[in-house]
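Next come the chains, spelled out residue by residue.
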Amino acid sequence: MASDTARLRHVEESMGTVFSFDIRGVRDEPRVRAGLHAAVASLHHADELFSPFRPDSQILRLGRGELALSACAREVVEVLELCAAAERESAGWFTTRYAGGLDPTGLVKGWAVERAVRMIASSGAGSVCLNGGGDIQLLGGPWRVGISDPLRPGGLATVIETAHGLGVATSGPAERGCHVLDPYTGRPPVGGLASVTVVCPEGLTMADTRATAAYAMGARARGWLEELPGTEGFAVLPDGRTWTTSGFHRYVAKVSA
C-alpha cells in the first residue's frame, strides 16, 4: 500500500464505552501513531477527571466541596465554562445540575472525542473518524456514517454523508435507558422522542450539548434546532415517525439507482 493511502484503526475502552478510531491518509505513520497514542491517553485522562464512578475524580470532589475550582485541572475549568455556555444557549434545557449534584457528562464525551480527533489530525492524518459510543467526530472525508434506529435494534434510521468535518451526536434512551431528564421536573421527558441526532460542522462538543438539550425538550426541539446557525437535526418519534430540520437533507447519503 502506498504511504499516502495508509490507514490505521484502533479500538479503546474508556469512559464506560468503546471508542473506535478510523484514520486515513497516513503519510508519516510513526508521527500519526504518536498522535493516536496521545489521543488515547487524553481519553483516559478525561475519564480520571470527570468520571461519575470514581470517588477521587476531580468533578466528584468538586461537587462534594472537597476541592476548589481554582485547584482543579484546566480541563475541568474549560468543560464547566462550555457547560455554562450551553446552559445559557438552551435556556436551561442543558444543565449540569441533575439531582442537585454536578454532572457535566452531557458534554464531556463529545468534548473529549473532538479534542482527541484534533490531536490526531495535527499529527498529519488526512481524515479521521472517532466514534465514541455512537457520538462521532469526523475530520476530512469523505465519510458515511449510519444512525442507529432506536426502534429496531441493529437497524439504521438514516445514513449521513459528508466530505468535510462534522460532529454527529445522538441522544435517547435506546442504548443506556433514559439518562437525560427534563431539568424542570427531574423526570424523563413527557411525550418525548425515541432519539434525536444533531449534526454540527463546528464539532462534536456543540453537537453533543445540543442533542442532550433537544432530547430533554421533546416536542420543542425541532423549532429550537431550526433557529441555531449551522446546526441540523433528525428525530425518531416513539411511533416510528420522523422529522428533520429544513437543512438536514444536505447530509443524507444519496442512494445509487
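These figures come from a predicted structure and were not determined experimentally.

What counts and how
Each chain carries its own residue numbering, running from 1 in the written order of its sequence. With pLDDT at 70 or above as the cut-off, local features in this predicted model cover only qualifying residues; side-chain atom pairs require 80 or more to be listed or tallied, and sums for whole chains, interfaces and linings still use all residues. Side-chain calculation: all heavy atoms of the structure are included, whereas hydrogens and water are not. Numbered from the N terminus, helices here are DSSP runs of H or I no shorter than four residues, and strands are runs of E no shorter than two. One less than the number of residues in a helix, times 1.5 Å, gives the span that helix is expected to have. Working definition: with a 1.4 Å probe on protein chains only, accessible area under 20% of the residue-type maximum means buried, over 50% means exposed, and in between means partly exposed. Here the arc refers to the set of directions running from the helix axis out to each C-beta atom. We call two residues in contact whenever any of their non-hydrogen atoms come within 4.5 Å of each other. One confidence number per residue, pLDDT, is output by the predictor and ranges from 0 to 100. Under the rule applied, a polar contact is a pair of N or O atoms within 3.5 Å (in protein, one hydrogen donor and one hydrogen acceptor; residues adjacent in sequence only if both atoms are side-chain atoms). Helix axes are fitted to C-alpha atoms over the stretch in contact, other axes to C-alpha atoms as well, and angles between N-to-C directions run from 0 to 180 degrees. Note that the term roughly parallel is reserved for angles under 35 degrees, roughly antiparallel for angles over 145, roughly perpendicular for angles of 65 to 115, and oblique for everything else. For a crossing to be left-handed, the near helix must be turned anticlockwise from the far one by less than a right angle; the clockwise case is right-handed. By the convention adopted, Pro, Cys, Tyr, Trp, Phe, Met, Ile, Leu, Val and Ala count as nonpolar, Lys, Arg, Asp and Glu as charged, and the other residues, Gly among them, as polar. Salt bridge, as used here, is a side-chain nitrogen of Lys or Arg placed within 4 Å of a carboxyl oxygen of Asp or Glu. Side-chain atoms within 4.5 Å link the members of a nonpolar core, which is a set of buried Ala, Val, Leu, Ile, Met, Phe, Trp, Tyr and Cys residues.

### Examining helix α4 (residues 105-122)
If you check α4, its first and last C-alpha atoms are 26 Å apart, about what 18 residues at 1.5 Å a residue would give, namely 26 Å. Of all 18 residues making up α4, 13 are buried, and the element is well covered by its neighbours. Downstream of α4 by a residue or two, G124 has a phi angle that is positive, lying close to 110 degrees.

### A look at helix α3 (residues 74-89)
Compared with an ideal rise of 1.5 Å per residue, which puts 16 residues at 22 Å, α3 spans 23 Å between its outermost C-alpha atoms and is within 8% of the ideal. Taken residue by residue, α3 has E75, V76, V79, L80, C83, A86 and E87 as its buried positions. When α3 is viewed along its axis, its buried side chains cluster within an angular range of 130 degrees and face the same direction. Seen from the buried face of α3, the exposed residues on the opposite side, beyond 90 degrees, are R74, E81 and R88. The inward-facing, buried residues of α3 abut α1 (29-50), α2 (58-63), α4 and α5 (204-217).

### Examining the environment of V145
You can see V145 is positioned in strand β5 (residues 143-148). Along the chain, V145 and C129 lie 16 residues apart, while their C-alpha atoms are 9.5 Å from each other.

### Notes on the confidence of the model for the protein
Residues of the protein with pLDDT of at least 70 account for 92%, and the chain-wide mean is 91. Ranking the elements of the protein by mean pLDDT puts β5 last with 95 and strand β9 (residues 232-236) first with 98.

### A closer look at the side chain of E232
Its location among the elements puts E232 in strand β9. At a separation of 3.4 Å, a polar atom in the side chain of E232 contacts the main-chain amide nitrogen of F248. For E232, the side chain forms a polar contact with the side chain of R250, separated by 3.4 Å. The contact partners of E232, leaving out residues within four places of it in the chain, are T197, V198, V199, T245, S246, G247, F248, R250 and Y251.

### Side note on the packing of α3 against α4
Running from amino to carboxyl end, α3 crosses α4 at an angle of 120 degrees, the nearest separation of the two axes being 11 Å. If you check the angle between α3 and α4, you find them oblique. The interaxial crossing formed by α3 with α4 has right-handed handedness. Mapping the contact onto sequence places E75, E78, V79, L82 and C83 in α3 and L107, V108, W111 and R115 in α4. In the contact of α3 with α4, the residues fall into 6 nonpolar, no polar and 3 charged.

### Here we look at the pattern of salt bridges
Any two side chains of opposite charge can pair, on the condition that their charged atoms come close. For the coordinates displayed, the defined rule picks out 14 salt bridges. Close ionic contact of R118 with E114 constitutes a salt bridge, the shortest N to O distance being 3.1 Å. Taken together, the residues span about one helical turn, with R118 and E114 both in helix α4 at a distance of 4 residues. Across the pair R152 and D149 runs a salt bridge whose closest N-O atoms are separated by 2.9 Å.

### Concerning the nonpolar core
If you look at soluble globular proteins, the nonpolar side chains tend to sit buried side by side. Within the largest apolar cluster, 58 residues are counted, with the highest numbers of intra-cluster contacts made by F21, I23, F50 and I120. Each residue touching I120, except ones within four places of it in the same chain, is listed here: F21, I23, V32, G35, L36, A39, A125 and V128. Counting 15 residues, the second largest nonpolar core, distinct from the first, contains I147, V168, V199 and V236.

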